[in-house]
Structure formats: C-alpha cells, structure tokens
Amino acid sequence: QAVITLLAVEKSVRKRGLGRKLLGEAINICRHNRMKSVLVTTEADNAVATMMYKTFGFKIDDRNTERTGKTTLCLSLETGRDHNARLPATVEVSR
C-alpha cells in the first residue's frame, strides 16, 4: 500500500495539467512496484483535488473532522492486477 502525503502545484502554474501528470506518474510507479492500493487525503472543501482523484478512480473511504473544524477526505485507489499497465490517458502540459 502506498500513501501520497502531499501533492501540490504552485499557484502560478496551475491549470496546466501538472497535478494530473504528477498523480498519474505516482500511480504508475505504485503499479510498477506492485502496490495493491494508493491512499490520499484532501480537505473536503477542495473540490478541484477531490474531482481529480475521482477521475483517476479514487473512492472516498472516510471523512474525518479535526478539532479545528476542518474536514478531510480519505480516498483510495485499487491498482488492479496488471501492475505494468500505464494509465490510459496522457496529459499534455502547456507552458
């Protein structure tokens, strides 16, 4: 099992597909290394990140509310049996 603890893109270069590219490569590395699943967390109000994870097939497993009142989502992706498979879509990165 792999855990992605932080995936962030600098604000000035967002909207170029960099987050999708990073996540796709991370998933491919996990598959190549025979990880059975990938776990991520994100703030519940981060709709952009949540949607990106869902487009890669992540499912919401849990929702936690911190003492501060912030709610986080725990998402997981089963990597499947074909650990050498590449993700079907390539992401073009514009400059």
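These numbers were taken from a predicted model, which means no experiment stands behind them.

Chemist: Report on the pattern of salt bridges, specifying residues and quantitative values.
Modeler: Opposite charge on two side chains permits pairing when their charged atoms draw close. Summed over the entire model, instances satisfying the criterion amount to 2 salt bridges. Of the charged contacts in the structure, one is a salt bridge between Glu43 and Lys70, with a shortest N-O distance of 3.4 Å. One end of the pair, Glu43, is in strand S2 (residues 37–43); the other, Lys70, is in the loop between strand S3 (59–65) and strand S4 (71–78), and 27 residues separate them in sequence. The exposure class of Glu43 is partly exposed, given its relative accessible area of 38%.

Chemist: Mind laying out the layout of surface pockets, listing which residues take part and the relevant values?
Modeler: Rolling a probe over the atoms, with the probe sized like a water molecule, indicates the empty space that remains. The computed volume of the largest pocket comes to approximately 680 Å³. Elements with a contribution of two residues or more to the lining of the largest pocket: helix H1 (18–32), S2 and helix H2 (47–55). With 6 residues, the top contributor of residues to the lining of the largest pocket is H2. Residues of the lining of the largest pocket, tallied by class, amount to 11 nonpolar, 7 polar and 5 charged.

Chemist: Can you break down the pairing of S4 residue by residue, with the values?
Modeler: Burial analysis of S4 places 6 of its 8 residues in the buried class, the great majority of the element. Bridge analysis of S3 against S4 gives 6 bridges, and the strand direction is antiparallel. What sits directly across from Thr65, in S4, is Thr71.

Chemist: Describe the packing of aromatic side chains, naming the residues involved and giving the relevant values.
Modeler: Within this structure, the stated rule accounts for 1 aromatic pair. Ring geometry for Tyr53 against Phe58: centres 5.4 Å apart, planes inclined by 65°, an arrangement best described as edge-to-face. Both residues of the pair, Tyr53 and Phe58, belong to the buried class.

Chemist: Tell me what's going on with the sheet that holds S3, and back it up with residues and numbers.
Modeler: Strand pairing in a sheet is mediated by backbone hydrogen bonds. Such pairs are either parallel or antiparallel. The strand order S1-S2-S4-S3 describes an open sheet built from 4 strands, whose pairing is mixed. A single partner strand is all that each edge strand has here, and the edge strands are strand S1 (2–4) and S3. Each adjacent strand pair in this sheet contributes to an overall mean axis angle of 20°, direction not counted. When S1 meets S2, the two strands line up parallel, connected through 3 bridges. Opposite Val3, over in S2, you have Leu39 as the bridge partner. Contacts from H2 reach S2, S3 and S4 within the one sheet, and its direction differs from that of S2 by about 160°.

The rules we used
Residues numbered from 1 in each chain as written. Predicted model: local features only at pLDDT ≥ 70, side-chain atom pairs only at ≥ 80, totals over all residues. Heavy atoms only, no water. Salt bridge = Lys/Arg side-chain N within 4 Å of Asp/Glu carboxyl O. Helix = DSSP H or I, 4+ residues; strand = E, 2+ residues; numbered from the N terminus. Buried < 20%, exposed > 50% of the residue type's maximum accessible area, 1.4 Å probe, protein only. 1 Å grid on protein atoms, 1.4 Å probe; cavity = no way out; pocket = protein on both sides within 12 Å on 5 of 7 lines; lining within 4 Å. Points joined across faces, edges and corners; volume = space filled by probe spheres on them. Nonpolar A, V, L, I, M, F, W, Y, C, P; charged D, E, K, R; others polar. Pairing = 2+ DSSP bridges. Phe/Tyr/Trp six-rings, centres within 6.5 Å; stacked < 30°, edge-to-face > 60°. Axes fitted to C-alpha atoms, helices over the stretch in contact; angles between N-to-C directions. Contact = heavy atoms within 4.5 Å.

Note that all results are geometric; they support no functional claim without further evidence.
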